[in-house]
Each structure stands twice: as C-alpha cells, then as structure tokens.
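For reference, the chains in residue letters:
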Amino acid sequence: MTRNRMIFNAFQMNTVSHTYHGLWRNPKTTQVHFDTLDTWVDLAKTLERGKYDALFLADVVGIDPAYEGKWNAYIEEGLHMPCHDPAALCAALIGATDNLGLTFTSSILTEHPFSFARKMSTMDHLSKGRIGWNIVTSATHSAAQNFGFDKIVEHDERYRWADEYMKVVYKLWEGSWDDGAVLADREAGVYADADKIHRIYHQGERYKVLGPHMASPSPQRTPVMYQAGSSKVGREFASRHAEATFVVYPTIEGARKGIAEQRKETVAAGRNAGDLKFIQGFSFVVGSTEEEAWRKSAEIDEDISYRGLAAHIGRDMGIDVSGLDPDMPIEQTSMSGVQGYARMFEDSNNGQKAKVSDLVGALSYASRMVGTPEQIADQLEQWQDAGVDGVNQIIQYFPQSAEDFVDYVIPVLQERGLAQKEYGSGTLRERMFPEIGPQLPDRHAAAKYRGAFVRDAEVSGAGGTHVDWVTAGV
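About the thresholds
Residues numbered from 1 in each chain as written. Predicted model: local features only at pLDDT ≥ 70, side-chain atom pairs only at ≥ 80, totals over all residues. Heavy atoms only, no water. Helix = DSSP H or I, 4+ residues; strand = E, 2+ residues; numbered from the N terminus. Buried < 20%, exposed > 50% of the residue type's maximum accessible area, 1.4 Å probe, protein only. Areas by Shrake-Rupley, 256 points an atom, 1.4 Å probe, with all protein chains shown as cover. Lys, Arg positive; Asp, Glu negative; His and termini not counted. Charge placed at Lys NZ, Arg CZ, Asp CG, Glu CD. Salt bridge = Lys/Arg side-chain N within 4 Å of Asp/Glu carboxyl O. 1 Å grid on protein atoms, 1.4 Å probe; cavity = no way out; pocket = protein on both sides within 12 Å on 5 of 7 lines; lining within 4 Å. Points joined across faces, edges and corners; volume = space filled by probe spheres on them. Nonpolar A, V, L, I, M, F, W, Y, C, P; charged D, E, K, R; others polar. Disulfide = S-S within 2.5 Å. Core = buried A, V, L, I, M, F, W, Y, C linked by side-chain atoms within 4.5 Å. Patch = residues over 30% accessible without salt bridge, like charges linked within 9 Å, V, L, I, M, F, W, Y side chains within 5 Å. Contact = heavy atoms within 4.5 Å.

Brief notes about the overall build of the protein
Each helix and strand in the protein was counted, giving 15 helices and 15 strands. Evaluated residue by residue, the protein yields a buried proportion of 56% over its 474 residues. When the accessible surface of the protein is summed, it comes to about 19300 Å², and 50% of that surface belongs to carbon and sulfur atoms. If you average the places of the 48 positive and of the 65 negative side-chain charges in the protein, the two averages end up 3 Å apart.

Observations concerning the pattern of salt bridges
Under the criterion given, the structure shown has 27 salt bridges. In this structure, E77 engages R307 in a salt bridge whose closest nitrogen and oxygen atoms are separated by 3.7 Å. Residue E77 is found in helix 2 (residues 72-77), and its partner R307 is found in helix 10 (residues 306-317); the two are separated by 230 residues along the sequence. Relative accessible area serves as the criterion here: at 9%, E77 is assigned to the buried category. What makes R307 partly exposed here is its relative accessible area of 27%.

Section: empty space enclosed by the protein
What the rule picks out here adds up to three cavities of 30 Å³ or more. There is about 80 Å³ of room inside the second largest cavity. H18, Y20, Q31, I395 and Q396 are the residues nearest the centre of the second largest cavity, which is lined by 13 residues in total. Split by residue class, the lining of the second largest cavity holds six nonpolar, seven polar and no charged.

Section: the side chain of T222
Of note, T222 is situated in the loop between strand 8 (208-209) and strand 9 (224-227). Classification of T222 as buried rests on a relative accessible area of 0%.

Let's talk about the state of the cysteines
Counted by the stated rule, this structure contains zero disulfides. Free of any disulfide, C83 has its nearest cysteine sulfur in C90, 12 Å distant. Judged by its relative accessible area of 21%, C83 is partly exposed.

What to know about the nonpolar core
Note that soluble globular proteins tend to have their nonpolar side chains buried in a common cluster. Membership of the largest hydrophobic core comes to 87 residues, with the highest contact counts inside it found for W133, L380 and L413. The next biggest cluster of nonpolar side chains, apart from the first, holds 40 residues, and it includes L23, A73, I300 and V356.

Some points on a nonpolar patch on the surface
Taken together, the side chains of W71, I75 and M81 define a hydrophobic patch exposed on the protein surface, amounting to about 280 Å² of accessible area. Along the chain, M81 turns up in the loop between helix 2 and helix 3 (86-94). Classification of M81 by relative accessible area gives partly exposed; the value is 32%.

Structural notes on unusual backbone geometry
That bond from M81 to P82 is cis: its omega, 5 degrees, falls within 30 degrees of zero. One can find P82 in the loop between helix 2 and helix 3. With omega at -5 degrees, the peptide bond leading from F398 into P399 counts as cis. On the secondary structure map, P399 appears in the loop between strand 13 (390-394) and helix 14 (400-415). Positioned with a positive phi, H80 is a non-glycine residue whose angle comes to about 60 degrees. Topologically, H80 is positioned in the loop between helix 2 and helix 3. On the basis of relative accessible area, H80 is assigned to the buried category, the value being 5%.

Details of the layout of surface pockets
What the largest pocket holds in volume is close to 380 Å³. Lining the largest pocket are 20 residues, with N4, R5, K277, Q384 and D389 sitting closest to its centre. Counting residues per element, the ones that place at least two in the lining of the largest pocket are helix 13 (373-385) and helix 15 (428-432). The residue inventory of the lining of the largest pocket, partitioned by class, reads eight nonpolar, five polar and seven charged.

Section: the environment of G50
Within the secondary structure layout, G50 lies in the loop between helix 1 (37-49) and strand 2 (54-58). For G50, a relative accessible area of 2% gives the class buried. Residues G50 and F405 lie 355 residues apart in sequence; the distance between their C-alpha atoms is 8.4 Å. Residues contacting G50, with those up to four places away along its chain left out, are V406 and I410.

Thoughts on the environment of V136
Locating V136 in the fold gives a position in strand 4 (residues 131-136). Given the relative accessible area of 23%, V136 is considered partly exposed. Each C-alpha atom of the pair V136 and I108 lies 6.6 Å from the other, and the pair is 28 residues apart in sequence. If sequence neighbours within four positions are ignored, V136 has contacts with T105, S106, S107 and I108.

Pasting the structure below:
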C-alpha cells in the first residue's frame, strides 16, 4: 500500500512548562532555559534534521486565579507563566533555519488586524514563505482584561469577532495589492504601480481600517492558517478559514468520526475535503524494546505534576477543578471555556460523558504513544487510516524527546513513506498542499477579495480622503 506522507510539527510554547507539567524539574530537560535563543536554535536544528514541517508555538496572554481561587499554582509550576512572545521567537529563528516552517499563535485580542497583517507579511518575506498562524480567540478573563475589556466575550460572540478580524486581514493580504503591483523598475524610477495598490475602506462592528496594506505581497500572501477550536462554532470557523486544525482525539474511532464530520462541513463551506488537514496531538515515548519504552513512560509519570495538569485544564475550561470530585461529570460544571475537550472525549467514547479526571488526564495520557519505532509507526498508520493527516508532537523532555523521535522513529517512517526524506521546494503551503501552490486557492473565503477593490477616482487630500471607490461584491 502506497501511503501519503504525514505532516510533522513540534508543539511547544515559549515558557517553562507547556503541557507535561512538572517535567521541567528533571535535569534531562533544558526548557528551564526557554528564555535563551540557543535553546530554541538547538531544537530547530534537530527538527530540520528530521525534516519536520514546522515548529508550532502556542501562547497565552493572561493568568487567571483559576485553581484554588488563586494564581499561585501557575506561577509555582511555571505553567505558562512566564510566557514570552512566540512571534518574536519565530522571527529570531528565521535566520537560524532554512526549511522549517515557523508557526505561532496570535489571538484576535492581542493585536489590531492592520498591524498584525503587516507583521505577518514581513515575516513571510524574510522567511521566504515559511510562516503560519494559529488563530485563537482567547478564553480567559485575565486575557481580556489585559487588553481593556471587563471580562472575556461570550464564546460564540468571540467567533463572530474573529470572522470580522479575518475579513480585515484578508482584504489587506489578498485585495490591497494586485498581482504585478511591484515593478522595481530602476530605469523608469518606479518601484510600484500606484493603480494596482488599493485602500480597503473596511468598516465593521469592531474595526475601521482605511488601508492600503503597508507591506507588499509576500510569497504566500496569506500565511498558512491553523485553528484548534472543537466546539460547534469553532469547527464551523475552521471549515471556513483554516488549512489545518489541531485535534486531540483520545481514540482512533473518535478521530474517524470527528474528522469525517468536519470534512463534510468543509465541503459545505465550498471547499474541497482535502483543503483542511487534521493534525493530531501526540507525545511519544520510544524504546529499543516495548519493555524499555513503558519503563521510560513510567518515569515520566513520576515526574508529572497532577496539580499542574489540573490547573491547566481547569483554566482552559473556565472552571476551578481543585474542589471538584474527580468522578463528577464535566457537564455538571459551568463549562464556559474550551468546550472541545469534552466534545472530543465524548466522540471518542461512544458518547460517554467526560468526568473531571478524564479531562485532567487527557493532557498527559490520552495522546501518549509508547513503544518501539516499529510499533509507533504501526500506530501512526492506523491513525492515518482514520483520517489524520499529521502529527503535532508534544515534547516531554526538551529537546531529548524530539531527538529520540528524529533518531529512531523518523527513519522507520521514512522507509514506509509516512515521513518525507527531503524538503520539497517552495513555501510552507506548497509543501503541505503540493497541488495548491504558494497561495490560497480560489475556493477559499479569502480569494473573493482579490481584485475586489477597484479604483474609480483619485484619492485626494493630505489625509487620503475617500472620493469614489467602488468595491466589487465585498
């Protein structure tokens, strides 16, 4: 059987403790030095040696008193606190890498779409088209309060806000500069054609943006877009906008069911089923024998902090689990945060209602794959057969866990055709979607802004007053 190669990302955060809380205390990990560039350059070089597609950096922008009514657990555990800027780190890694995609999380809360669009275009230029964006809406009150709000916006409203945010950045990336606008004509002394550069005159519920985009079109124009929401509206948002979605299905059957459903939603949104890649979160414990692998897995369990796991999942779901019975059904709590945890558990367990302990343990155990390289390859084939397109590797011991996977598992996967042996040419999007090319296909929602801004008269006045602009179908 000839298999398509899988996408491989390394999943990390610019912080002390990302997902496997408590492990930073072990001397075999260097993540306690997350604030030095050398730590990340070493990881990036390992990933490029393994021909990974991208390093993906998560992010949070606030710290709630969400465990025992205090924030102490987060600070003491180093749980996303401190958390440094992932965009700055990706920018620093551009010059230290040649092929690795650099993807980071940015919330609609944190930056105005005009400045964000310019930053992304700049980074995409400098990296020659290796930038990706994980779109999030943020879920904590402290995040909202750090940016001037009294509390977090209601869940579904955050996605309506995100839809407008996407509309603004699409107009800037796809519509503000026509193809061929950059001339760089030294003899004529003309760098760009003014008739091919347009203001966007966006005016919506939350944003009013004149334009034009201050950066010229980058190799991808729009960065590769990821999204991780698994609630109903989150899945609908991904079906419209995302090119890859991060999932954490606890079982293969759950993945098969959930992926099939979302592919139908993607087609209903006017796209091809293959336009949305499903990247499953996994961690790996590799041994030369199965016995060795399970012994190493048990050592991880000894290092893990249950308090850290509980504080993490409780914050994400908007509940303080410190006083809850571990056997309490999660539906009996006031679940206002990341609803996808519960949905994916239930999809994967024949509708069985998730308990508090199920969700706490899911961070550590549900996505852990233990075995020899050949056993891990066998399991990845089964997940691929269920519809999974790629792996988001959660690194336990930094960077040793990545090195083990690169040194022992990747060669087996390469021989089976599951992992690439060499990088393809072109941008991150071209490598992920060879049939599409460097830019979004015409069937994507962003494409309708191409050529949409038609200049009907001159813009006059020092401030760029709108005289008579016509928008075609926007």
